[in-house]
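# Geometric and topological summary
Chain residues, written in single-letter form:
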Amino acid sequence: MNRRLRQREAVNLTLLRLAALLLLAVLAFMLYWVVSRGVGVISRSFIFDAPRERMTAGGIWPAIVGTTYVSLGTLLISMPVGIATAIYLNEYAQEGTWNRIIRLAIRNLAGVPSIVYGLFGLGVFAALLRLGTSLAAASLTLSLMTLPWIVTAAEEALRSVPQSFREGSFALGATRWQTIRHQVLPYALPGMATGSILGLARAAGETAPILLTGAAYFLPRLPSSPLDQFMALPYHLYILATQHSSLTQVRPLAYGTALVLLALVMLLNALVIIVRSRARAKKTW
Amino acid sequence: MARLRLRTGSRTQRRELVEKAMQACFMLNGTVAILALAGILIFLLKESLPALVELGPGATILGTRWNPTSMNPGYGMLPLIVSTIMVTVGALIIAVPWGIATAAYISEVATVRLKEMLKPAVEMLAIFPSVIFGFIGLVVVAPAVARVFGMTNGQVALTGSITLAIMALPTIVSVAEDAITGISRDYREAAYALGATRWQAVRMVVLPAARSGITAAVMLAFGRAVGETMAVLMTTGDATGMPLTEVLGFITGPDFLASVRTLTANIAQEGLNVPWGSLHWQALFLCGLILFILTFAVNLTADLVMHRPAGGRRRVS
């Protein structure tokens with residue numbers, strides 16, 4: 001190999017390495033930035049108090065509760081529908097045109113911009129169905145958005161159950177539903193659970209859809225019915241970062257909110273990793 | 001005896017009934033995805049077509065003045081469309097080479113240990129909520145851009161592009177890496193047997209072979225970036241003018257140092273305060289429709305490229 005070739009080889013491979021290391025550096029910077037700026041703000045009262053004095057003081061408790069409500073509401077709707085869709089696709093439907101169309105719809109649903117979901121939710125759930133901008137309208141909007149993720153995860157879980165389980169069950173005279181109920185679902189459950197938690201984590205971090213369908217600028221009380229508006233962590237961060245009248249004064253609160261939001265999302269993802277490795281350890285086939 | 005038969009008879013009947021009911025239930029749920037997608041399209045059309053008919057495409061999609069709340073309202077969306085495309089293309093110019101290089105590094109060059117660090121890092125970048133990207137873009141990237149270009153306000157299209165580029169990276173890296181890893185080992189071995197260096201094998205054999213998967217990665221990232229709201233809303237300033245400037249004195253080109261407002265940011269800014277059913281409302285739904293059609297077309301094409309019948313993917317030209 002001549003020298004020039006060797007030099008070019010080294011330069012090009014170094015460029016590839018730099019690209020990868022730059023990605024690591026950006027991630028490390030972002031983590032460090034959010035944690036270091038936010039950690040000084042976190043205190044008991046920051047977590048458990050309501051905002052005070054036009055949101056220049058106090059905490060973010062209503063936003064934490066609101067995000068929890070809207071995420072659970074989302075899961076309550078999208079999990080049953082998503083898992084049922086996956087069961088239909090994987091256990092009932094014949095491979096064919098209809099099945100392909102459903103899968104195509106799911107993949108494209110995953111690509112619809114989140115603000116378009118928000119607009120759709122505003123038009124259909126808030127205006128047409130008269131739910132108003134509320135917890136219910138936001139949950140319905142987010143559940144449409146999370147549906148494709150949950151279907152995909154649940155289908156993967158169903159596919160990982162060996163075909164022989166089903167065949168053995170059919171051979172013993174079980175019907176299709178009995179087979180699904182007793183031989184497939186128990187083993188697919190951990191995978192479905194982790195997929196749903198991932199959906200929950202992404203729903204909790206979304207801003208654009210709830211911005212139009214029910215998130216409130218400021219509410220002193222916690223929402224008491226599904227038709228109430230609610231505060232939410234990501235929307236609260238957006239407000240504190242860009243919409244508040246004294247931006248520099250509330251900047252520390254924004255740092256704290258960003259850290260809590262990131263910690264929440266990361267914790268949910270860590271939970272997924274734990275559940276997954278547990279399920280893998282228990283797997284006996 | 002007769003009683004016994006009756007009972008088993010009713011039990012099989014019940015079992016059949018349950019069986020049928022469950023099948024119907026699952027089938028019904030299977031259609032939800034199709035109904036949702038069709039429902040979104042139909043609703044967007046139904047809400048936006050009146051405005052398109054009343055004002056005509058010249059005053060909406062091709063109009064250049066967006067100012068729906070003034071005395072003489074303007075519903076021109078061209079500046080919003082141009083801004084959207086501009087910010088997105090700018091992001092891809094940064095993210096595509098960076099992402100493909102990273103993917104190639106992970107699958108072709110990296111040691112196992114580094115690989116085990118890079119893959120979770122990419123996943124972790126993907127779970128950052130978009131509002132946090134927007135916040136970092138606003139507080140870190142915008143002042144940096146302002147300093148570099150000597151401006152007082154750093155909330156410009158370029159800032160949005162940089163922020164979006166980092167958001168789009170995980171999509172490009174993970175999809176491209178899958179495509180590159182999927183290339184058969186024989187290709188590399190054949191290249192090495194012919195005396196190719198590692199870089200030459202990557203550049204001339206592996207990357208061309210993975211071309212369709214990499215194309216899909218770029219398109220998916222484009223779709224993701226076009227539809228992103230928060231990161232752009234918080235970093236690009238808020239101006240509805242046409243972001244064009246004279247390049248080299250005589251050609252009109254995009255102005256990346258201008259504040260812009262994208263289609264997504266426009267809906268987020270105005271969707272809350274608009275009277276339901278008004279002309280302004282319809283115009284916002286038209287913005288939504290444009291976004292829907294744009295992302296749908298891009299995602300569908302990416303889908304077709306990715307799910308091409310086997311064989312087409314392995315061919316090197």
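Residues numbered from 1 in each chain as written. Chains lettered and ligands numbered in written order. Predicted model: local features only at pLDDT ≥ 70, side-chain atom pairs only at ≥ 80, totals over all residues.

Here we take up the overall build of chain A. Scanning chain A from terminus to terminus reveals eleven helices and two strands. In sequence order, chain A lays out its α and β elements as α-α-β-β-α-α-α-α-α-α-α-α-α. (Helix = DSSP H or I, 4+ residues; strand = E, 2+ residues; numbered from the N terminus.)

Moving on, we get to the overall build of chain B. Looking only at helices and strands, chain B has twelve helices and four strands in total. A compact globule built from 317 residues should have a C-alpha radius of gyration of about 20 Å, whereas chain B, at 26 Å, is more than 25% larger. If you line up chain B on its principal axes, its C-alpha atoms span 100 × 70 × 35 Å. Relative to its full complement of 317 residues, chain B shows a buried share of 46%. (Rg over C-alpha atoms; globule rule 2.2 N^0.38 Å. Buried ≥ 20, exposed ≤ 12 C-beta atoms within 10 Å, placed from the backbone.)

What follows covers the interface of chain A and chain B. With 66 residues of chain A in contact, the opposing surface of chain B contributes 66 residues. Looking at the side of chain A that touches chain B, its residues break down into 50 nonpolar, twelve polar and four charged. (Contact = placed C-beta atoms within 7 Å. Nonpolar A, V, L, I, M, F, W, Y, C, P; charged D, E, K, R; others polar.)

Before going further, it helps to examine the pairing of strand β4 (residues 251–254) of chain B. Residues and elements named next belong to chain B. With four bridges connecting them, strand β3 (residues 244–247) and β4 associate as antiparallel partners. By the bridge assignment, Thr245 is partnered in β4 with Gly253. Joining the antiparallel neighbours β3 and β4 is a turn of three residues, in which Leu248 adopts a positive phi near 55°. (Pairing = 2+ DSSP bridges.)

To continue, consider the packing of helix α10 (residues 233–243) of chain A against helix α5 (residues 130–149) of chain B. Relative to each other, α10(A) and α5(B) sit at 15°, their axes nearing to 10 Å. Put simply, α10(A) runs roughly parallel to α5(B). At the point where α10(A) passes α5(B), the crossing takes the left-handed sense. Contact residues: Pro234(A), Leu237(A), Tyr238(A) and Ala241(A) in α10(A); Val131(B), Phe135(B) and Leu138(B) in α5(B). Grouping the constituent residues of the contact of α10(A) with α5(B) by class yields seven nonpolar, no polar and no charged. (Axes fitted to C-alpha atoms, helices over the stretch in contact; angles between N-to-C directions. Parallel < 35°, antiparallel > 145°, perpendicular 65-115°, else oblique. Left-handed = near helix turned anticlockwise from the far one by under 90°.)

For helix α4 (residues 97–109) of chain A, which comprises 13 residues, the first-to-last C-alpha distance of 18 Å matches the rise-based estimate of 18 Å (1.5 Å per residue) to within 8%. Every buried residue of α4(A) is accounted for by Ile102(A), Ala105(A), Ile106(A), Arg107(A), Asn108(A) and Leu109(A). (Expected span 1.5 Å × (residues − 1).)

If a residue is not glycine, its phi is most likely negative; likewise, a peptide bond is most likely trans. All names here are of chain A. Its identity as a non-glycine residue notwithstanding, Arg130 has a phi of 60°, on the positive side. Checked against the element boundaries, Arg130 lands in the loop between α5 (114–128) and α6 (135–159). For Arg130, a count of 9 C-beta atoms within 10 Å translates into the label exposed.

Quick look at the environment of Leu118(B) now. Topologically, Leu118(B) is positioned in helix α4 (residues 112–127). With 15 residues separating them in the primary sequence, Leu118(B) and Ala103(B) have C-alpha atoms 9.7 Å apart.

Glancing now at the environment of Val34(A). Inspection of the secondary structure assignment puts Val34(A) in helix α1 (residues 3–38). Judged by local crowding, Val34(A) falls into the buried class, with 20 C-beta atoms found within 10 Å. Residues Val34(A) and Leu262(A), 228 residues apart in the sequence, show an inter-C-alpha distance of 8.2 Å. Excluding residues within four positions of it along the chain, Val34(A) makes contact with Ala258(A), Leu259(A), Leu262(A) and Ile132(B).

Before going further, it helps to examine the confidence of the model for chain B. Residue and element names in this part refer to chain B. Across chain B, the average pLDDT comes to 89, with 94% of residues at 70 or higher. Counting interchain partners and residues more than four positions distant, the pLDDT-below-50 stretch residues 310–317 has seven contacts. Overall fold confidence for the complex sits at a pTM of 0.90, while the interface term, ipTM, reaches 0.91. (pLDDT = per-residue confidence, 0-100.)

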